Structure formats: C-alpha cells, structure tokens
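Okay, here's what each chain looks like letter by letter:
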Amino acid sequence: MGKKFDGDPDQYLLADGKLYLFLNAATRAKFLEDVSGTAKTADDQWANIKSIAVGEL
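The shown structure was predicted, so the numbers you read here are calculated from the model rather than taken from an experiment.

**Quick look at unusual backbone geometry**
Excluding glycine, a negative phi dihedral is what most residues carry, and trans is how most peptide bonds are arranged.
Inference 1: Although it is not a glycine, Asp16 adopts a positive phi angle of roughly 50 degrees.
Inference 2: Mapped onto the elements of the fold, Asp16 is located in the loop between strand S1 (12–15) and strand S2 (18–21).
Inference 3: Judged by its relative accessible area of 79%, Asp16 falls in the exposed class.

The following block contains the structure:
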C-alpha cells in the first residue's frame, strides 16, 4: 500500500520471527492468502517509507 496505518492489537501474526500488525481482520485475511509474497512486498515498501512522516505519504 505504501502507507502507514495504526494497527489493531487484536489483529496480528507471528511469522518467520516477525510480528505483523494489521489494520483490521480483512487486511490480516488478505495477508494470509500469500504470507511470503506479501511480506516481501511489505519489506520492500517499508524500506522506501520508513523515514517519511505519515502526513507526507
């Protein structure tokens, strides 16, 4: 998505030693459809946005 969101502490997943926090149950379900592919996409996007303020995205 290329954005930053608040997460729901009830919607999470521990996978491959990482904690993933999701916006809601629907985004968690979508992530579970392709954990490794979506995790790679998320890691790639995070590298580009981690230093950018939320209001600038």
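From this point, things continue past the structure.
**Considerations on the environment of Gln45**
Inference 1: Relative to the helices and strands, Gln45 resides in helix H2 (residues 35–49).
Inference 2: What makes Gln45 partly exposed here is its relative accessible area of 28%.
Inference 3: Every residue in contact with Gln45, bar those within four places of it in the chain, is listed here: Met1 and Gly2.

**Focus on the nonpolar core**
Burial of nonpolar side chains together is a common tendency in soluble globular proteins.
Inference 1: Core analysis: the biggest nonpolar cluster contains six residues, these being Leu13, Ala15, Tyr20, Phe22, Phe31 and Ala39.
Inference 2: Apart from residues no more than four positions distant in its own chain, Phe31 is found in contact with Leu13, Tyr20, Phe22, Thr38 and Ala39.

**Details of the pairing of S1**
Inference 1: Every second residue of S1 is oriented toward a common face, the buried set being Leu13 and Ala15 and the non-buried set Tyr12 and Leu14.
Inference 2: Sheet analysis places S1 next to S2, joined by four bridges and oriented antiparallel. Bridged to Leu14 within S2 is Leu19.
Inference 3: Between S1 and S2, which pair antiparallel in sequence order, lie two residues; one of them, Asp16, sits at a positive phi of approximately 50 degrees.

What counts, and where the lines are drawn
Residues numbered from 1 in each chain as written. Predicted model: local features only at pLDDT ≥ 70, side-chain atom pairs only at ≥ 80, totals over all residues. Heavy atoms only, no water. Helix = DSSP H or I, 4+ residues; strand = E, 2+ residues; numbered from the N terminus. Buried < 20%, exposed > 50% of the residue type's maximum accessible area, 1.4 Å probe, protein only. Contact = heavy atoms within 4.5 Å. Core = buried A, V, L, I, M, F, W, Y, C linked by side-chain atoms within 4.5 Å. Pairing = 2+ DSSP bridges.

Limitation: the analysis is restricted to geometry and does not speak to function.
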